[in-house]
Amino acid sequence: MKRVVIVNAGGRLALSAERGDYDNLVESLQRLINGFESCQGEVVNSVEAARGLLDRTDVVIFVTAGLLGEARRIKQSHSRIRVIVLTGLVPGDEVIILSKLWYTPDLIRDAVMS
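Being a predicted model, the structure only gives us computed values, none of them experimental. (Residues numbered from 1 in each chain as written. Predicted model: local features only at pLDDT ≥ 70, side-chain atom pairs only at ≥ 80, totals over all residues. Heavy atoms only, no water.)

Chemist: Let's hear about unusual backbone geometry: which residues, and what values?
Modeler: Glycine aside, residues mostly have negative phi angles, and peptide bonds mostly take the trans form. Backbone geometry places Ser 38, a non-glycine residue, at a positive phi of 65 degrees. Relative to the helices and strands, Ser 38 resides in the loop between helix H1 (23–34) and strand E4 (39–44). Look at Ser 38 and you get partly exposed, because its relative accessible area is 44%. (Helix = DSSP H or I, 4+ residues; strand = E, 2+ residues; numbered from the N terminus. Buried < 20%, exposed > 50% of the residue type's maximum accessible area, 1.4 Å probe, protein only.)

What follows is the structure, given as structure tokens:
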């Protein structure tokens, strides 16, 4: 069973997990993951709670780029874990890497037009 931890914490710009701005996304993401065969999604409300689960976690998903530094630190210290950061903002000053396997017209439009 693949264990996925979704971190509903932090924030960026005007958005904040503490105010519930990511709750709908997190609930939808957890339902989606739990619908996959051999996957279990668990939501935590802090980076500290996520860190406590790393020894038995396969994937960590952050729902804000406001925790990108934390995501990088977890990946650096736990290289076997897949770390994903979801963001609504495409960074204009960095290289954008997109998997060809994830190609959709909407994804390409957002990457080009953002």
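And the narrative resumes.
Chemist: So what's going on with the nonpolar core? Which residues, and what values?
Modeler: Among the nonpolar cores identified, the biggest contains 14 residues, and Val 5, Val 7, Val 44, Val 60, Phe 62 and Leu 67 are the most heavily contacted of them. Only strand E1 (2–7), helix H2 (47–51), strand E5 (59–62) and helix H3 (68–77) provide two or more residues apiece to this core. Not counting chain neighbours up to four residues away, the residues in contact with Val 7 comprise Val 44, Ser 46, Val 47, Ala 50, Val 60, Ile 61, Phe 62, Val 63 and Leu 67. Counting residues in each nonpolar core, the second largest holds 11 residues, with Ile 6, Tyr 22, Val 59 and Ile 61 among its members. (Core = buried A, V, L, I, M, F, W, Y, C linked by side-chain atoms within 4.5 Å. Contact = heavy atoms within 4.5 Å.)

Chemist: Go over the sheet that holds E4, please, and point to the residues and values.
Modeler: As summarised here, the arrangement of the four strands in space is E4-E1-E5-E6, forming an open sheet in which the pairing is parallel. The strands lining the two open edges of the sheet, one partner per strand, are E4 and strand E6 (82–85). For this sheet, the mean inter-axis angle between neighbouring strands, taken without regard to orientation, is 20 degrees. Sheet topology note: the E5/E6 ladder contains four bridges and is parallel. Considered in E6, the bridge of Phe 62 is made with Val 85. Along the sheet face, H3 touches E5 and E6 and points at about 170 degrees away from the line of E6. (Pairing = 2+ DSSP bridges. Axes fitted to C-alpha atoms, helices over the stretch in contact; angles between N-to-C directions.)

Chemist: Just give me the short version of the pattern of salt bridges, but keep the residues and values in it.
Modeler: Scanning all chains against the criterion turns up five salt bridges. A salt bridge links Asp 21 to Arg 19, with the nearest nitrogen and oxygen atoms 3.1 Å apart. On the basis of relative accessible area, Arg 19 is assigned to the exposed category, the value being 55%. Residues Arg 73 and Glu 70 are paired through a salt bridge, measuring 3.2 Å at the closest nitrogen-oxygen approach. Of the two residues, Arg 73 and Glu 70 are both situated in helix H3; the distance of three residues between them amounts to about one turn of the helix. By relative accessible area, Arg 73 is classed as partly exposed at 45%. Linked through salt bridges whose partners overlap, the residues forming this network are Arg 51, Glu 70 and Arg 73. (Salt bridge = Lys/Arg side-chain N within 4 Å of Asp/Glu carboxyl O.)

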